[in-house]
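Survey of secondary and tertiary structure
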Amino acid sequence: MVTVARVRPGTIADELGIKPGTELLSVNGREVDDFLDWEFLTADDTLLVHARNPDGEEIEFDIERPEGEPLGVELVPPSVRRCANRCEFCFIEGLPKGLRRNLYIRDDDYRLSFAYGNFATLSNLKERDERRIVEYRLSPLYVSVHATPWEARKILLNNPRVPNIVEQLTRLAAHGIQFHGQMVIVPGLNDGDVLEASLTDLWNLGDAVITVAVVPVGLTQFNHLFKGESMGREHASRLLAAVGRWGDRALAERGTRWVVGSDELYLQAGEPLPGAEFYEDFPQIENGVGSVASLRSRVHEGLESLPRLDGRRIGVVTGVSMAGIMPELLDQLSDATGARFELIVMENSLFGPTTTTAGLLVGADIRRALDGRHDIDLALIPAECINDNGVFLDDEPFITLREQLSMPVYPSYDFIDVLVHEGEPRVAEVAA
Ligand code: SF4
C-alpha cells in the first residue's frame, strides 16, 4: 500500500476527488506495495484503482486516461531498505554524533538505485526483488561491488551473509539488466590481485557492466571501526596505473574507457586530472568521477557570457582538496571580468582534516571563512554543501547564515551560474 501525499490541481486525481492521506491498495487487481508498483502498474491507460479514503471508506476508481496524461498523484516518500552490512569505512559510521537523525540512515535500496542513482550493494536482495528488477526492467542499477571474490567481499562489507555478487549480476544480466559499478578501494583488502580478479569478473559480464568507478576509501576522524590502512600517494598511483591499463584495453576492444578512477584518486596520487573528453558522457559524475573536468569545461565555456566586474572583490570558499585546482580557474574568471578573486580554503571543522571535499563543508566553516570580512563584496560557496531544504550538514540553515554575514553570499556550482547575473541591476536599483 502507498499513501497519497499531494494531489496536483486540475489533474485526473483531483477531478476524482482523491485526497492526501488516501491509501492506494491495488491497481487492476495487483497489490501496490511501494512507489515502484504504483509507477509501473499505472502505466496503462485503463485502470481500476482500489483505494481507502482517509476516513476509512474503501472505494474503486475506474479510470480511462487520455494517452500520456499524468494521474497527478504524489506519494508519501518510501521508507528506505536498510543496509545489512557494517563496512569499516562506512561514511555513516564516520559521522559525528548529534546530527539530524536522517543522516544516520544507511540505505541499501535497489529501488533508489534505479530511481535516483544511489549505489546499492544488493546484499539484501531477495528472490522477489530480483523478479521485480527483471519484470520492471530496473536498468541500469548502480552497484557497490567493491570486490567480486566472495571472501574478500564478505570482509569488506563486514557481513558473512552477503550473496555472491557475480552470481547475482549474472542472473540479472541474463535478463538484460545493466549496471554501473563502483569499487571503494581499501589498501591491502581489495587492491592488487583482488582488484584484478574483480575487474576480470566484471569485464566478463560484457555489455551488462556499463562503467566501473574506482574510488579511494574516504575516512573522517570518527571512523573508529576502520582498522585498515589509509590510502597513500604510492598506493593511489599503483591503483591509477592498474585502472589505466584496464581503461586502455577497454578503449581498444570496446571503444569505451569503461573503468575510470575518481577525481580523488588522481588528487591523492598527485597526478594531473584528465580533460573532459576522457570521461565520455560523464556517466559517474555524481560519484566524483570527472567533476573537476566538468567544472573546468563549464568555466571555460561560460567566460564569454560574463559581465565586466572591474574592481569587485569576490571571495571563493572551498575545501582543501580543491585548493590546487582553483587558482587556474579564478585567474580565468579574473581576466574575463576584471574582478579580484580571493580563494578561501577551509578545513572541515565537523569531520576533521582528513575530510577535504568542498561539498562536505558545514555552516560553521562558511561562517569562520566569511565572518568579519568587510573587504569582500560578494562570496561564493560550494552549492553542494547545502541540501534541497537549504540546510548545511551541521543543521545550519543557509538563509540564517547569509543574513548574519556582511556581504551577499551565493551557493554556486561553477561560478558562471552566479557571476553571469552580477552585471544585472539589483531589484532595488530597478525600482529606483
Ligand atoms: S554498504 Fe557499507 S558503506 Fe554502504 S551504507 Fe552499508 S555499511 Fe555503509
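Preceding this section is the structure that the text describes.
This structure is a prediction, so every number in the text was calculated from the model and none was measured.

Conventions and cut-offs
Residues numbered from 1 in each chain as written. Predicted model: local features only at pLDDT ≥ 70, side-chain atom pairs only at ≥ 80, totals over all residues. Heavy atoms only, no water. Helix = DSSP H or I, 4+ residues; strand = E, 2+ residues; numbered from the N terminus. Contact = heavy atoms within 4.5 Å. Pairing = 2+ DSSP bridges. Axes fitted to C-alpha atoms, helices over the stretch in contact; angles between N-to-C directions. Buried < 20%, exposed > 50% of the residue type's maximum accessible area, 1.4 Å probe, protein only.

Tracing the chain through its elements places Asn 287 in the loop between helix 9 (263–269) and helix 10 (291–302). Setting aside its immediate chain neighbours within four residues, Asn 287 contacts Phe 119, Gln 182, Ala 213, Val 215 and Ser 262.

To continue, consider the sheet that holds strand 7 (residues 141–144). The strand order across the open sheet built from 4 strands is 7-8-9-10, with neighbouring strands paired in parallel fashion. Whereas interior strands pair on both sides, the edge strands pair on one side only; in this sheet they are strand 7 and strand 10 (259–261). Between one strand axis and the next, the sheet turns through 20 degrees on average, direction left out of account. Pairing of strand 9 (residues 209–216) with strand 10 involves 3 bridges; the strand directions are parallel. Of the residues in strand 10, the one forming a bridge with Val 214 is Gly 261. Where helix 7 (residues 192–204) meets the sheet, it contacts strand 8 (179–185), strand 9 and strand 10, and its direction lies at approximately 180 degrees from that of strand 8. Across the sheet, helix 8 (residues 233–254) is in contact with strand 8, strand 9 and strand 10; its angle to strand 10 comes to roughly 155 degrees.

Moving on to the side chain of Thr 356. Assignment of secondary structure puts Thr 356 in the loop between strand 12 (340–346) and helix 12 (363–370). We classify Thr 356 as buried; its relative accessible area is 17%. Leaving out residues up to four positions away in the same chain, Thr 356 has contacts with Glu 264, Gly 319, Val 320 and Ser 321.

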